[in-house]
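Okay, here's what each chain looks like letter by letter:
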Amino acid sequence: NVCKAYQVTLVHPGYGFLAENPDFARSLQEAGITFLGPRPDCIESLGLKHSARILAAEVGLPLVPGSRELVHDVEDGIKIAEDIGWPILMKCPAGGGGIGLVTCQDAQEMKEKFESTQERAEVVISSLLSANDHFEQLSRRCSNIAVYSLKSFILGLVILKYRKGIFFFARLSS
């Protein structure tokens, strides 16, 4: 409604929840508004860490050792962590910005943190799926790299300003 009221024709969602929400992207698409981000089906395929991990494995990308499926209880989690090696990260399957990331050094720490991590996941992503966790081996020497690609439909636009992760665009007249 805001986009229509202000005659917005293109939306860049920034990063985080709107950028990772296929329903938001789909609603803009249905309203004839360009969503400057992935197609809704891509967001659905890659927006959940465990399903993105499965797709990455299928195309042969190297992966940090981790669980193949969501982990539903602490005893299964301990078995998986023993197989992949401590320390591990318990990760909320959706969301971003580090929400739901919990480090566990050993089985005792996992027992202490598992339930609260699931509760946090349930609050954060209750509208997306049930609260379960995905596990990965913790790597202390890594960086998070986000890559954004502007495709050819952006030609004819000029970036006017960039501030705190938000791009402001103007359409060039022909």
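## Topic: the confidence of the model for the chain
Where the model shows low pLDDT, its predicted coordinates should not be examined in detail. Chain-level pLDDT for the chain is 74 on average; 65% of the residues reach the 70-or-more range. With pLDDT under 50 throughout, residues 127–131 is counted as low confidence; its partners more than four residues away or in other chains account for 10 contacts. Contacts for the low-pLDDT stretch residues 166–174, under 50 throughout, to residues beyond four places or in other chains number 26 contacts.

## Brief notes about the side chain of Ser 67
Inspection of the secondary structure puts Ser 67 in the loop between helix 4 (49–58) and helix 5 (74–84). When its relative accessible area of 3% is taken as the criterion, Ser 67 is described as buried. Within the structure, the side chain of Ser 67 is placed 3.1 Å from the backbone oxygen of Glu 69, a separation counted as a polar contact.

## A short note on helix 2 (residues 22–30)
Where helix 2 is concerned, the buried positions are Pro 22, Ala 25 and Leu 28. Each buried residue of helix 2 sits inside an arc of 130 degrees when the element is viewed along its axis, so together they form one side. When the buried face of helix 2 is taken as reference, the exposed residues oriented beyond 90 degrees from it are Asp 23 and Glu 30. Here helix 2 starts with a cap whose side-chain oxygen sits 2.9 Å from the backbone nitrogen of Asp 23, and that cap is Asn 21. Once helix 2 ends, the next one or two residues include Gly 32, with phi positive near 80 degrees.

## A word on the packing of aromatic side chains
With the rule as written, the count across this model stands at 1 aromatic pair. Taking the centre distance of 6.0 Å and the plane angle of 80 degrees together, the rings of Phe 24 and Phe 35 count as edge-to-face. Of the two residues, Phe 24 is situated in helix 2 and Phe 35 in strand 2 (residues 34–35); the sequence distance between them amounts to 11 residues. Among the residues examined, Phe 24 registers a relative accessible area of 21% and is labelled partly exposed.

Basis of the calculations
Residues numbered from 1 in each chain as written. Predicted model: local features only at pLDDT ≥ 70, side-chain atom pairs only at ≥ 80, totals over all residues. Heavy atoms only, no water. pLDDT = per-residue confidence, 0-100. Contact = heavy atoms within 4.5 Å. Helix = DSSP H or I, 4+ residues; strand = E, 2+ residues; numbered from the N terminus. Buried < 20%, exposed > 50% of the residue type's maximum accessible area, 1.4 Å probe, protein only. Polar contact = N/O pair within 3.5 Å; in protein donor to acceptor, adjacent residues only side chain to side chain. Arc of directions from axis to C-beta. Phe/Tyr/Trp six-rings, centres within 6.5 Å; stacked < 30°, edge-to-face > 60°.

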